[in-house]
Amino acid sequence: MLALIGGTGLNTLEGIEGFQLSRAEGIATRYSETTVEVSVYSYLGNELLFIPRHGDGHVVPPHRINYRANIDALRLAGATRVVAMNAIGGIAPQLCPGSIAIPMQIIDYSYGRISSFYEDDLDGVVHIDFGEPYSRELRQALLDAAARANAPRREPVAVIDGGVYGCTQGPRLETNAEIKRLQADGCTMVGMTGMPEAALAREAGLDYATIGLVVNWAAGLTQDTITLDEIYEVIETVSPFLHTLIREVIEPS
Ligand code: HPA
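Calculation rules
Residues numbered from 1 in each chain as written. Predicted model: local features only at pLDDT ≥ 70, side-chain atom pairs only at ≥ 80, totals over all residues. Heavy atoms only, no water. Helix = DSSP H or I, 4+ residues; strand = E, 2+ residues; numbered from the N terminus. Rg over C-alpha atoms; globule rule 2.2 N^0.38 Å. Buried < 20%, exposed > 50% of the residue type's maximum accessible area, 1.4 Å probe, protein only. Contact = heavy atoms within 4.5 Å. Areas by Shrake-Rupley, 256 points an atom, 1.4 Å probe, with all protein chains shown as cover. Near = heavy atom within 4 Å. Polar contact = N/O pair within 3.5 Å; in protein donor to acceptor, adjacent residues only side chain to side chain. Nonpolar A, V, L, I, M, F, W, Y, C, P; charged D, E, K, R; others polar. Salt bridge = Lys/Arg side-chain N within 4 Å of Asp/Glu carboxyl O. Phe/Tyr/Trp six-rings, centres within 6.5 Å; stacked < 30°, edge-to-face > 60°.

(A) Up close: the overall build of the protein chain. Helix and strand counts for the protein chain come out as five helices and eleven strands. Computed over its C-alpha atoms, the radius of gyration of the protein chain comes to 17 Å, within 12% of the 18 Å expected for a compact globule of 253 residues. In terms of its C-alpha atoms, the protein chain occupies a principal-axis envelope of roughly 50 × 40 × 30 Å. Relative to its full complement of 253 residues, the protein chain shows a buried share of 51%. Of the contacts made within the protein chain by residues no fewer than 6 positions apart, 80% connect residues no fewer than 24 positions apart. For the protein chain, the exposed surface amounts to about 12,100 Å²; the carbon and sulfur share of it is 49%.

Now the structure itself:
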């Protein structure tokens, strides 16, 4: 079953045309004392799972998210494929605010986050293959869905195939020098929530890919300071396309 992890700008599927909430389940996992609420939506007779990464009401900051509980809850609820939505800052020139990236690679600059299911009670040390952090098949499905979503539009939304997601710790935004360093490392976009989520999905055996929504230019790339107002304005503009994209991933017409 397909699961969506909503990020900043997509905290619920409630009210999005075509989606109906079937039920919500509190899933208990080994990784938190509280349950994780997984919503089950139906869309044209297909069920899909949804969790808001930052919790109900968007209250958990990136470095405090219980990534293990979220991924394990989705696995236990029957997810096999996970589409993650992540707000990002654009570093590469083509990644302007309002565009969408389907990244191919990750560099992880975050720290202090519990980043593996293989921590305790092991029979032996476990190393997963993570050379290609995103599922090829699911990335392609997203790109195909984006092309279908764009087909009837007079002004297509720019959807960039590939790129390197640099995951920073947050919750503060980066310094200008940090972005220059990320740029020199080859990062084309920056966000705070891509890791360890992607690695945990791989450990859990779930196909995983990301829709990166560019909501601002990364620090120092323009003269402007980055404001939340500006970010929410971009989200509002791109949301209709994002919703169509999600519908297309679920049910190709
Ligand atoms: N940096 C890190 N994370 C982000 C940004 C950014 O500029 N924009 C949205 N998420």
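(B) Molecular detail of the site of the ligand. Close contacts around the ligand come from Ala-87, Ile-88, Gly-89, Leu-173, Glu-174, Val-190, Gly-191, Met-192, Val-215 and Asn-216, and that covers them all. One of the backbone nitrogen or oxygen atoms of Gly-89 is found 3.4 Å away from a nitrogen atom of the ligand. Within the side chain of Asn-216, one N or O atom sits 2.6 Å away from a nitrogen atom of the ligand. Considered on its own, the ligand offers 260 Å² of accessible surface; in the complex 92% of this is hidden by protein. Looking at the shell around the ligand, the elements that each hand over two or more residues are β5 (81-90), β10 (189-191) and β11 (207-217). Tallying contributions element by element places β5 first for the shell around the ligand, with three residues. Each residue belonging to the shell around the ligand can be placed in one class, and the counts come to six nonpolar, three polar and one charged.

(C) Fine view of the pattern of salt bridges. In the structure shown here, the tally under the stated rule is nine salt bridges. Ionic contacts of the salt-bridge type, sharing partners, join the residues Arg-23, Glu-25 and Glu-47 into one network.

(D) Layout of the packing of aromatic side chains. Summed over the entire model, instances satisfying the criterion amount to four aromatic pairs. Centroid distance Tyr-41 to Phe-50: 6.3 Å. Interplanar angle 90°. Geometry classified as edge-to-face. Residue Tyr-41 shares its accessibility class with Phe-50, and that shared class is buried. Taking the centre distance of 6.2 Å and the plane angle of 10° together, the rings of Tyr-134 and Tyr-208 count as stacked. A residue pair is termed long-range when its members are at least 10 positions apart, and Tyr-134 in the loop between β7 (105-108) and α2 (136-150) and Tyr-208 in strand β11 qualify at 74 residues. For the residue pair Tyr-134 and Tyr-208, the accessibility class agrees, reading buried in each case.

(E) The side chain of Thr-210, seen in detail. With respect to the helices, strands and loops of the structure, Thr-210 is situated in strand β11. The exposure class of Thr-210 is buried, given its relative accessible area of 1%. Apart from the residues within four sequence positions on either side, Thr-210 is in contact with Ala-84, Asn-86, Ala-101, Ile-102, Pro-103, Tyr-134 and Leu-142.

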